[in-house]
Amino acid sequence: MIRLFVNVDHVATLREARKTVEPDPLKAAHLAEQAGAHGITVHLREDRRHIQDADVFRIQQGIRTPLNLEMAAVEEMVRIAETVLPYQVSLVPEKRQEITTEGGLDVISKKEYLTTTRARLAALHIRFSLFVDPDPKQVDAARDIGADSIEINTGLYTELTDPAPLERELKKIQAAARHARSLGLRVFAGHGLNNENVVAIAAIPEIEELNIGHNLVARSVYCGMEQAVRSMIASIQKGEALRTVSA
C-alpha cells in the first residue's frame, strides 16, 4: 500500500493566527495516526510562519510513526535536523515571501552543497529526500548526489483544469517516476493533492509515498482529522486499484 504522510503545518498556521496554544499540531498528528496515517510531515520554515522549533521536537518525541522533516537546504536547518534526528529530511526550495513552496529544488546548481549535506545526515542514519519537479535532469542530479528518494512536485498538475495540458503534466510525472525508479531512487509525490486528483497519482506504479497536508487540514475543519485522513486513504486505494488494470 502507498504510504500516506500527513503534513500538519496548517494546524500550526491556525494556531499562529492568534499566537495561542491551540489547535495543537501534535494532537492533530495523533488523530492522523489513529486514522491510518503512516507518518507525519512538518515543514520548519526559516521565517517560522507556522511550525515552530518546539513543535518539531514535541512531534518527534510524541508520535508513533516516522517523522519527515521538510526544510530549506541551509545550515541552520541542517543543524536542527542533526539534533532532532527525524526519520527523514526532505529538502525543499524556500522563498521568504511565497505563500507555499513554489516549484522543485534546483538540484543541478546545488550539487556540491547537497552532496555534503547528504553525507552529514547519512552519518546519523537520516534518510535524505529531494523535492523536485518532474524533470529528468533534476532526477539524474538527485541520483548523482546519492539521495535515497525524490518527491515529485505535483503542484502544477493539481492546478490545471484543461484536459490536454493536465494529461501532458500527468505524463511528465509518470515518466519522471519511471526514470527515478530505473536509477534506484525511491519515488514519492506531493503538493496540492486532494481526494479527486490523488487518484491518478496513486495509480502510478512507482510511487510509494504521498505527502498531503493543506487539503486534509481544510477538510478536517468540516469533518475532523480522522475522517479526513480515512477519506484520503480510500481515494489513494482507489488509485492503487487502477495499477493492476493498467499493468
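For the structure, check the block above.
Note that this is a predicted model, so its numbers are computed, not measured.

Trainee: Just checking my understanding: could you explain the nonpolar core for this structure?
Mentor: A general trend in soluble globular proteins is that nonpolar side chains are found buried together. Counting residues in each nonpolar core, the largest one holds 71 residues, and the members touching the most others are Val6, Val8, Leu91, Leu130, Ile201, Leu210 and Val229. Among the elements that take part in this core, helix α11 (residues 225-246) stands out by supplying 6 residues, more than any other. Residues within four places of valine 6 in sequence aside, it is in contact with Ala32, Ala37, Gly39, Ile40, Thr41, Ile212, Leu216 and Val229.

Trainee: Teacher, can you tell me more about helix α4 (residues 75-84) here?
Mentor: Within an α-helix, residues lying three or four positions from one another point in the same direction, as the helix has 3.6 residues per turn. Within α4, burial applies to Met77, Val78, Ile80, Ala81 and Val84. Summarising the axial view, the buried residues of α4 lie within an arc of 160°, below the 170-degree limit, and thus occupy one face. Facing away from the buried side of α4 by more than 90 degrees, the exposed set consists of Arg79 and Thr83. Residues of α4 that are buried sit in contact with α3 (53-62), β3 (67-71), β4 (88-91) and α5 (111-122). Positive phi shows up at leucine 85, right after α4, with a value of about 60°.

The rules behind the values
- Residues numbered from 1 in each chain as written.
- Predicted model: local features only at pLDDT ≥ 70, side-chain atom pairs only at ≥ 80, totals over all residues.
- Heavy atoms only, no water.
- Core = buried A, V, L, I, M, F, W, Y, C linked by side-chain atoms within 4.5 Å.
- Buried < 20%, exposed > 50% of the residue type's maximum accessible area, 1.4 Å probe, protein only.
- Helix = DSSP H or I, 4+ residues; strand = E, 2+ residues; numbered from the N terminus.
- Contact = heavy atoms within 4.5 Å.
- Arc of directions from axis to C-beta.

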